[in-house]
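Letter by letter, the chains look like this.
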Amino acid sequence: MSKVTTLHEFIMDRQADFPYASGELSRLLTDIAVASKVVSKDVRRAGLLDNFLGAHGSTNIQGEEQQKLDVIADNQFINMFKTGGEVCGIASEENDDFMPFESEFSKNGKYVVLFDPLDGSSNIDVNVSIGTIFSIFRRQSEVGTSATLEDMMQSGAKQIAAGYVLYGSSTMLVYTTGKGVNGFTLDPYIGEFCLSHPDMRMPEMGRIYAMNEGNVNICDPGIKEYIEEKCQTILEGAPRPYSGRYIGSLVADFHRNMIKGGIYIYPSTTVDPEGKLRLLYECNPLAFIAEQAGGIATTGHERIMDIEPSRLHQRVPYFVGSKKMVEQAMEYLKG
Ligand code: P6P
């Protein structure tokens with residue numbers, strides 16, 4: 001029986017990858033894992049606890065009705081970051097503005113974290129997979145001072161680490177620090193994330209496309225042509241067309257494509273001209289992971305991680321997944 005490597009062991013073993021970080025990033029990643037275990041526990045019992053399901057009764061800056069678990073998860077991560085000492089401030093989907101931590105303890109933190117505490121929360125009440133997405137940057141402002149908006153508004157190429165937690169048939173944490181992608185499965189019997197998917201690579205090609213096809217007539221016509229001609233046609237030598245799989249939870253669709261190959265598309269539409277997904281805490285972190293695993297993430301016209309953010313909750317069109325599939329789709333957009 002092969003040795004079980006826990007996430008904590010793996011992080012400590014890889015600490016040497018960061019000569020300048022004397023353990024802070026390791027501690028931050030460990031803190032995220034602990035918070036994720038608590039959220040996983042809450043997600044898996046949500047239907048049994050009155051105050052866990054349903055709407056929270058408020059609307060976030062996105063104009064989306066917050067679910068109770070959205071707020072519970074958001075608070076769980078914020079409290080973990082506030083007490084961990086490595087983070088000087090955060091921005092999250094569920095908070096209108098960024099949040100500098102004002103204690104002297106936190107002002108000495110070297111990192112900021114941008115995160116979506118519970119992505120796909122409309123799926124919570126129907127028991128479909130949901131996820132957490134996080135993006136970590138080194139602060140630009142001086143250590144010992146309050147975090148600034150500029151600390152949050154960095155291009156994706158400057159990410160130090162990024163990852164997601166998928167609360168699916170099992171709970172998985174997948175992350176990168178720029179040295180490949182590794183996946184860990186939570187063993188509920190020992191309460192540890194254990195290495196289950198070492199050195200993850202996204203297949204260069206796949207046969208699965210994920211898009212809300214309800215949008216296909218209100219987006220760039222090239223996308224409809226791509227889907228009809230590449231995805232819904234029996235191509236030479238193929239036994240059948242591609243499969244359409246759209247879960248309505250970005251993390252779940254993205255993770256499936258990491259394993260099996262595929263493309264996820266959320267384009268600009270006449271209803272959402274900038275697209276729906278948020279650059280800073282959805283598109284950037286998954287773009288970092290995709291590229292580290294051999295995939296591509298683009299707006300259709302530029303690399304996601306090259307974008308200089310202009311607004312905290314900025315939305316961008318999003319094409320992410322297997323290199324050859326995204327390249328093919330882009331050809332249709334150019335046309
Ligand atoms: P639609 C969830 O709200 C989310 O941000 C992603 O997780 C998901 O892929 C997408 O939006 C679903 O959006 O418009 O297809 O319901």
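A word on the packing of helix H6 (residues 221–231) against helix H9 (residues 323–334). Contact geometry of H6 with H9 gives a least axis separation of 8 Å together with a crossing angle of 130°. Here H6 lies oblique to H9, going by the angle between them. Crossing geometry of H6 relative to H9 is assigned as right-handed. On the side of H6, the interface is formed by Gly222, Ile223, Glu225, Tyr226, Glu229 and Lys230, while H9 contributes Met325, Gln328, Ala329, Tyr332 and Leu333. Each residue belonging to the contact of H6 with H9 can be placed in one class, and the counts come to six nonpolar, two polar and three charged.

The strand order across the open sheet built from five strands is E12-E11-E13-E15-E14, with neighbouring strands paired in mixed fashion. This sheet does not close on itself; its edge strands, each paired only once, are strand E12 (243–244) and strand E14 (296–298). Relative to strand E13 (residues 263–266), strand E11 (residues 208–211) is paired through three bridges, and the arrangement is parallel. Note on E13: the bridge partner recorded for Ala210 is Tyr264. Most of the contacts of helix H8 (residues 279–292) go to strand E15 (residues 318–321), to which it runs at about 25°, and overall it touches E14 and E15. Here H9 sits on the sheet and contacts E11, E13, E14 and E15; the angle it forms with E15, its principal contact strand, is near 150°.

Nonpolar side chains in soluble globular proteins generally cluster together in the buried interior. If you look at the biggest cluster of nonpolar residues, it comprises 45 residues, and the most contacted ones within it are Met152, Tyr164, Phe254, Met258, Ile304 and Tyr318. Ranked by the residues each element gives to this core, the list is headed by H8, at nine residues. Non-local contacts of Tyr318, meaning those with residues more than four positions away in its chain, are made with Leu250, Tyr264, Ile265, Tyr266, Leu277, Glu282, Cys283, Leu286, Ala287, Ala297, Thr298 and Ile304. With 39 residues, the next largest nonpolar core counts Val39, Ile90, Phe115 and Leu118 among its residues.

We now examine helix H3 (residues 68–84). With 17 residues, H3 ought to run about 24 Å at 1.5 Å a step, and its terminal C-alpha atoms sit 24 Å apart, in line with that. Among all positions of H3, only Leu69, Asp70, Val71, Ala73, Asp74, Phe77, Ile78, Met80 and Phe81 are buried. At the exit of H3 stands Gly85, carrying a positive phi of roughly 90°.

Moving on, we come to the environment of Asn75. Examined against the element boundaries, Asn75 turns out to sit in helix H3. Using a relative accessible area of 38% as the deciding quantity, one classes Asn75 as partly exposed.

On the secondary structure map, Thr269 appears in the loop between E13 and H8. Here Val271 takes part through its backbone nitrogen, which lies 3.1 Å from a polar atom of the side chain of Thr269. One polar contact links the side chain of Thr269 to the main-chain amide nitrogen of Asp272, over a distance of 2.7 Å. Other than its neighbours up to four places away in sequence, Thr269 contacts Asn215, Ile218 and Cys219.

On to unusual backbone geometry. A negative phi angle characterises most non-glycine residues, just as the trans form characterises most peptide bonds. Backbone geometry at Asn127 places phi at a positive 60°, although glycine is not the residue there. With respect to the secondary-structure elements, Asn127 resides in the loop between strand E5 (111–119) and strand E6 (130–138). In this structure Asn127 comes out as exposed when scored by relative accessible area, which is 73%. With phi around 45°, Asp199 is a residue other than glycine that occupies positive phi space. Residue placement: Asp199 occurs in the loop between strand E10 (192–197) and E11.

To continue, consider the site of the ligand. Not every one of the 13 residues close to the ligand is listed here, only the nearest: Asp119, Tyr246, Leu250, Tyr264 and Tyr266. Note that an oxygen atom of the ligand is positioned 2.9 Å from one of the side-chain N or O atoms of Lys276. A per-class count over the shell around the ligand returns five nonpolar, four polar and four charged.

Nonpolar side chains collect at one region of the surface, where Val126, Val128 and Ile247 lie side by side and expose about 210 Å² of accessible area between them. For Val126, the position within the fold is in the loop between E5 and E6. Given the relative accessible area of 54%, Val126 is considered exposed.

What follows deals with the pattern of salt bridges. Across all of its chains, the model carries 15 salt bridges by this definition. The partner of Arg303 in a salt bridge is Glu291, and the shortest N-O contact between them spans 2.8 Å. With Arg303 in the loop between E14 and E15 and Glu291 in helix H8, this pair connects stretches of sequence that are 12 residues apart. Among the residues examined, Glu291 registers a relative accessible area of 26% and is labelled partly exposed. Each of Glu93, Arg278 and Glu282 takes part in salt bridges that share partners, so that together they form one network.

We now examine the domain arrangement of the protein chain. Assigned domains within the protein chain: domain 1 (7–197) and domain 2 (208–334). Taking only C-alpha atoms into account, the centre of domain 1 sits 24 Å from that of domain 2. Taken together, the contact between domain 1 and domain 2 spans 49 residues of the former and 32 residues of the latter. Between the two partners, domain 1 and domain 2, sit one salt bridge.

Here is what the cut-offs are and how they apply
Residues numbered from 1 in each chain as written. Predicted model: local features only at pLDDT ≥ 70, side-chain atom pairs only at ≥ 80, totals over all residues. Heavy atoms only, no water. Axes fitted to C-alpha atoms, helices over the stretch in contact; angles between N-to-C directions. Helix = DSSP H or I, 4+ residues; strand = E, 2+ residues; numbered from the N terminus. Parallel < 35°, antiparallel > 145°, perpendicular 65-115°, else oblique. Left-handed = near helix turned anticlockwise from the far one by under 90°. Contact = heavy atoms within 4.5 Å. Nonpolar A, V, L, I, M, F, W, Y, C, P; charged D, E, K, R; others polar. Pairing = 2+ DSSP bridges. Core = buried A, V, L, I, M, F, W, Y, C linked by side-chain atoms within 4.5 Å. Buried < 20%, exposed > 50% of the residue type's maximum accessible area, 1.4 Å probe, protein only. Expected span 1.5 Å × (residues − 1). Polar contact = N/O pair within 3.5 Å; in protein donor to acceptor, adjacent residues only side chain to side chain. Near = heavy atom within 4 Å. Patch = residues over 30% accessible without salt bridge, like charges linked within 9 Å, V, L, I, M, F, W, Y side chains within 5 Å. Areas by Shrake-Rupley, 256 points an atom, 1.4 Å probe, with all protein chains shown as cover. Salt bridge = Lys/Arg side-chain N within 4 Å of Asp/Glu carboxyl O. Domains from an automatic or database assignment.

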